[in-house]
Amino acid sequence: MILAAVPAGQGCIPLPSQTNTLTITRPDDWHLHLRDGEALAAVVKFSARQFGRAVVMPNLKPAVTTVESARRYRDRILGALPAGAGFEPLMTLYLTDDTEPAEVDRAKASGFVCGVKYYPAGATTHSDAGVTSLARCHSVLARMEELDVVLQLHGEATGAGVDPYDREAVFIENELARLVKRYPKLRIVLEHVTTAAGVEFVRAQDDRVAATITPQHLLLNRGAMFEGGLRPHLYCLPLLKRERDREALVAAATGGDTRFFLGTDSAPHPRDGKESACGCAGIFSAHAAIELYAQAFEQAGALARLEGFASHHGADFYGLPRNKGKVTLLHESWSVPKRYPFGSADLVPFFAGEKLSWKQAPADGGA
Ligand code: DOR
Ligand code: ZN
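Please read all numbers here as calculations on a predicted model, not as lab measurements.

## Describing the site of ligand 1
- Taken together, 13 residues surround ligand 1, and among them Arg35, Asn59, Thr124, Leu237 and His269 come closest.
- The separation between an oxygen atom of ligand 1 and a polar side-chain atom of histidine 33 is 3.3 Å.
- The side chain of histidine 154 places a nitrogen or oxygen atom 3.3 Å from an oxygen atom of ligand 1.
- Protein coverage of the free-state accessible area of ligand 1, which is 290 Å², stands at 100%.

## Quick look at the coordination of the zinc ion (ligand 2)
- For the zinc ion (ligand 2), the protein coordination sphere consists of His31 (NE2), His33 (NE2) and Asp265 (OD), at 2.0 to 2.1 Å.
- Mapping the donors of the zinc ion (ligand 2) onto the primary sequence yields the spacing H-x1-H-x231-D. Of this pair, histidine 31 sits in strand E4 (residues 29-32) while aspartate 265 sits in the loop between strand E11 (260-262) and helix H9 (271-274), placing them 234 residues apart in sequence.
- Since its relative accessible area comes to 1%, histidine 31 is described here as buried.
- Relative accessible area serves as the criterion here: at 7%, aspartate 265 is assigned to the buried category.

## Re helix H3 (residues 101-110)
- Residues Glu103, Val104 and Ala107 constitute the buried set of H3. Down the axis of H3, the buried side of the element spans an arc of 105°, and every buried residue falls inside it.

## Brief notes about the pattern of salt bridges
- By the definition in use, this model includes 18 salt bridges.
- A single salt-bridge network, built from bridges that share partners, covers Arg271, Glu275, Arg339 and Asp346.

## Comments concerning the sheet that holds strand E12 (residues 326-335)
- If you trace the 3 strands from one edge of the open sheet to the other, you get E3-E12-E15, paired in antiparallel fashion. Taken across any chain shown, the strands that pair with only one partner, and hence form the sheet edges, are strand E3 (21-25) and strand E15 (355-360). When the angles between neighbouring strand axes are averaged without regard to direction, this sheet yields 35°.
- Where E3 meets E12, 5 bridges bridge the pair, whose relative direction is antiparallel. Bridge pairing in E12 links leucine 22 to leucine 329.
- The strands touched by helix H11 (residues 306-318) within the sheet are E3 and E12, with E3 carrying the most contacts at an inclination of about 30°.

Conventions used here
Residues numbered from 1 in each chain as written. Chains lettered and ligands numbered in written order. Predicted model: local features only at pLDDT ≥ 70, side-chain atom pairs only at ≥ 80, totals over all residues. Heavy atoms only, no water. Near = heavy atom within 4 Å. Polar contact = N/O pair within 3.5 Å; in protein donor to acceptor, adjacent residues only side chain to side chain. Areas by Shrake-Rupley, 256 points an atom, 1.4 Å probe, with all protein chains shown as cover. Donors = N, O, S within 2.8 Å, 3.2 Å for Na, K, Ca; no water. Helix = DSSP H or I, 4+ residues; strand = E, 2+ residues; numbered from the N terminus. Buried < 20%, exposed > 50% of the residue type's maximum accessible area, 1.4 Å probe, protein only. Arc of directions from axis to C-beta. Salt bridge = Lys/Arg side-chain N within 4 Å of Asp/Glu carboxyl O. Pairing = 2+ DSSP bridges. Axes fitted to C-alpha atoms, helices over the stretch in contact; angles between N-to-C directions. Contact = heavy atoms within 4.5 Å.

Structure, rendered in structure tokens:
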């Protein structure tokens, strides 16, 4: 067994004895945008090839605000899957100022809704129907706490005076700290945590508060968005942050703490929506999600911790069984395509035209 040195405080962790292949329990994606219609048909196969399940975001137009609309959306997702795919979409409801507590009861009874998603109004793509103030949602949050339905947070403050780089920290200070006190049993996922402050906050809570981490926030800092010119395909929300934030995220993801787990936030937009005078936020990473995470874990000398982060921690938090199947990654350099078809448009993937050092084995259904 090879032992690799890891950053201070984490001790030594074993690496797989054979580092040219890595076999792990089939992972899950705990935060994913699949879209709808022809866009859905173009992207869902990528997630189904790698993941057993995915938590599907409800920010369609119109938003998925009811269990009934989540049921119909789920059917469309299942209908768009390649034949034989064993992929399970876990649905979410979009919280609004008008969501009724009875909808939480229906969500709990449905067996296919795994949480309720909070978007502050105006925070990001299709968030105009989002919540204007958490204070308006008291009865719904109280019901979620009672029935143990998970709250998934887009944790950014949206006030006009808040600097875009401070939105997560301000949300934590002004909203989240109060929320965890007011609902002491409510289980919360701080989705796509991006800052050292966010990591610190989660670490300071008990294990009912968790966070997902995206591949882009593990691999890049905010400098990447401006390297040699403006790079619209690296624009996502929350924004990429400073190097010290990225380092804190890598330490959280690779440190074995079960409160941090995989959530790609893969969010496809047509190329012309990104390459625009007012471009859309979102990075499409589902084409190579597990390989991107493997790259980040390898760089941190922590490949042996990938399985926990990708395949165990999220399932355990959501109280779902871990997947039974496996996926194998080969240590093999490959070039990410520059484009993928996206209905009548095309889609520029994360790392387009660049090399990755891990590739999912074709025997798993990998390309
Ligand atoms: O960059 C993002 N894109 N962040 C989000 O929160 C939403 C997502 C999208 O739906 O495009
Ligand atoms: Zn998202």
